[in-house]
Amino acid sequence: MGIYRTTISRMLTQAKKEGIVKIDIVGYDSEIFALEEYFKEKYELHQVDITPSDSGDSENEKNEALAQSAATFVRNIILSNQVIGISWGSTLSKMIEKLEDRYVENTFFCPLAGGPSHINSKYHVNTLVYEMAKKFNGKSSFLNATVIQKNEKLAQSIFQSKEFKDTIDSWERLDVAVVGIGGDLDEGGSQWRDLLTTKDYQILKKEGAVGECCCRFLDKNGMLISHELQSRTIGLPLEKMAKIPHSIAIARGNQKVQALLAMIRKKYINGIVSDRETIVNILHLDNDYTFQ
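Attention in this report is confined to the structure presented alongside it. Model, not experiment: these values are computed from the prediction.

1. Quick word on the overall build of the chain
Next, step 1: The number of helices and strands found in the chain is 12 helices and nine strands.
Next, step 2: Counting over 292 residues, the chain shows a buried share of 48%.
Next, step 3: The contacts in the chain between residues at least 6 apart in sequence include a share of 73% that link residues at least 24 apart.
Next, step 4: Working note: accessible area of the chain is about 15200 Å², and carbon and sulfur atoms make up 49% of it.
Next, step 5: Across the chain, the centroid of the 36 positively charged side chains sits 4 Å from that of the 39 negatively charged ones.

Now the structure itself:
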């Protein structure tokens, strides 16, 4: 805001004297802090935010807690004059619902992947982009194509269209990417995998798919798989995601552990918002038992 720290200090001192401001550290968890720092250093990440998790909590309670934590995290990293890309899904939808409005100037929001086929409209990428832009007083663009096309020719015609050029230009200028992670092939409740054919599933299983990001599948080592499916996908290439200053994955759950570790290993993301249970399971999958 262009205010000197000394000025802020004087204002806070006066506000505390008058009882307007009270500063407390609520719910500080030294073990969570240590885990965040360890995970961040081990995998050379820029940002790690871990939500405490209790084995007694329901899956819905864990998802709600993650969404709230992610909303606070995302609200703090978005600044004026940025281009922000988001993918879609129930996790990001919950996060956006919990976002408190914040006024920033000259922000632009764009989708990172095409939409699904039949889905509740509140989870559609264009809806999420629009709702998030409103929270920050920003502008937004839409992507009017399903994420998986029937063949490569259709996909290429979309990529080469005049309407899609603006989306590609936005992808080249991204400052922040906020993405969800799709888990293994048996993950239930996916909102777009009906677009995959039986042959797609057979190839993905054969090539060892552990999950996806922006609808681009990868194996446990982070290698992209099923070239034919990749060629039909309308989504940000993960190689481009790796070059974005802030590429943040928001995800939790055992079915997403392998995909998260693969994304981290290949450095497609440089930040993660998750819960303690998921982070510890990622470490265990990587044969690291420092935290139990």
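Having seen the model, we can carry on.
2. Here's the deal with the packing of aromatic side chains
Aromatic rings in a pair are described by how distant their centres are and how their planes are angled relative to each other.
Next, step 1: As enumerated under the stated definition, the model contains five aromatic pairs in all.
Next, step 2: Residues F164 and W171 carry aromatic rings whose centres are separated by 5.7 Å and whose planes lie at 90° to one another, so their mutual orientation is edge-to-face. W171 matches F164 in its accessibility class, with the two residues each being buried.
Next, step 3: Counting every residue linked through ring pairs, the aromatic cluster contains F159, F164 and W171.

3. A look at the packing of helix α4 (residues 90-98) against helix α5 (residues 125-135)
Packed helix pairs are characterised by how far apart their axes lie and by the angle those axes make with each other.
Next, step 1: Relative orientation of the contacting elements α4 and α5 amounts to 25°, with a least axis distance of 10 Å. The pairing of α4 with α5 is recorded here as roughly parallel in orientation. As for the relative orientation of α4 and α5, their crossing is left-handed in sense. Where α4 abuts α5, its residues L92, S93, I96 and E97 lie against L128, E131, M132 and K135.
Next, step 2: Along the lines of polarity and charge, the residues of the contact of α4 with α5 split into four nonpolar, one polar and three charged.

4. Concerning the pairing of strand β8 (residues 246-250)
Next, step 1: The buried count for β8 comes to four of five residues, which makes it a mostly enclosed element.
Next, step 2: In the sheet, strand β5 (residues 176-179) pairs with β8 via four bridges, with the strands oriented parallel. Each bridged residue has a counterpart across the sheet, and for V178 the counterpart in β8 is I248.
Next, step 3: Where β8 and strand β9 (residues 271-275) come together, three bridges link them in parallel fashion. Looking at the pairing, I248 lines up with G271 of β9.
Next, step 4: Between the parallel pair β8 and β9, the chain is carried across by helix α11 (residues 257-265), and the sense of this crossover is right-handed.

5. Overview of the environment of F39
Next, step 1: With respect to the helices and strands, F39 occurs in helix α2 (residues 30-42).
Next, step 2: Sequence separation between F39 and G85 is 46 residues, and the spatial gap between their C-alpha atoms is 25 Å.
Next, step 3: With sequence-adjacent residues up to four places away left out, F39 is seen in contact with L45, V48, I264, I272, I279, I282 and L283.

6. Here's the deal with the nonpolar core
Next, step 1: The biggest cluster of nonpolar side chains holds 47 residues, and the ones touching the most others in it are F39, W171, M241, M263, I272 and I282.
Next, step 2: Mapped onto this core, the elements with two or more residues apiece are α2, β1 (47-51), α6 (152-159), α7 (162-172), β5, α10 (238-241), α11 and α12 (276-285).
Next, step 3: With seven residues, the single largest contributor to this core is α11.
Next, step 4: Discounting chain neighbours no more than four positions away, the residues touching I282 are F39, Y43, V257, L260, L261 and I272.
Next, step 5: Judged by nonpolar contacts, the second largest core, of 39 residues, contains A71, V125, F217 and V273.

7. Details of the environment of V210
Next, step 1: Position of V210 relative to the elements: it lies in the loop between α8 (198-206) and β6 (211-213).
Next, step 2: Owing to a relative accessible area of 6%, V210 belongs among the buried residues under this scheme.
Next, step 3: A C-alpha to C-alpha distance of 8.3 Å links V210 and A262, two positions 52 residues apart in sequence.
Next, step 4: Leave out the neighbours within four places in its chain, and V210 touches G182, G183, D184, L218, D219, K220, Q258, A259 and A262.

Rules used throughout
- Residues numbered from 1 in each chain as written.
- Predicted model: local features only at pLDDT ≥ 70, side-chain atom pairs only at ≥ 80, totals over all residues.
- Heavy atoms only, no water.
- Helix = DSSP H or I, 4+ residues; strand = E, 2+ residues; numbered from the N terminus.
- Buried < 20%, exposed > 50% of the residue type's maximum accessible area, 1.4 Å probe, protein only.
- Contact = heavy atoms within 4.5 Å.
- Areas by Shrake-Rupley, 256 points an atom, 1.4 Å probe, with all protein chains shown as cover.
- Lys, Arg positive; Asp, Glu negative; His and termini not counted.
- Charge placed at Lys NZ, Arg CZ, Asp CG, Glu CD.
- Phe/Tyr/Trp six-rings, centres within 6.5 Å; stacked < 30°, edge-to-face > 60°.
- Axes fitted to C-alpha atoms, helices over the stretch in contact; angles between N-to-C directions.
- Parallel < 35°, antiparallel > 145°, perpendicular 65-115°, else oblique.
- Left-handed = near helix turned anticlockwise from the far one by under 90°.
- Nonpolar A, V, L, I, M, F, W, Y, C, P; charged D, E, K, R; others polar.
- Pairing = 2+ DSSP bridges.
- Right-handed = clockwise from strand over helix to strand, strands pointing away.
- Core = buried A, V, L, I, M, F, W, Y, C linked by side-chain atoms within 4.5 Å.

None of the figures reported here should be taken as evidence of function without further support.
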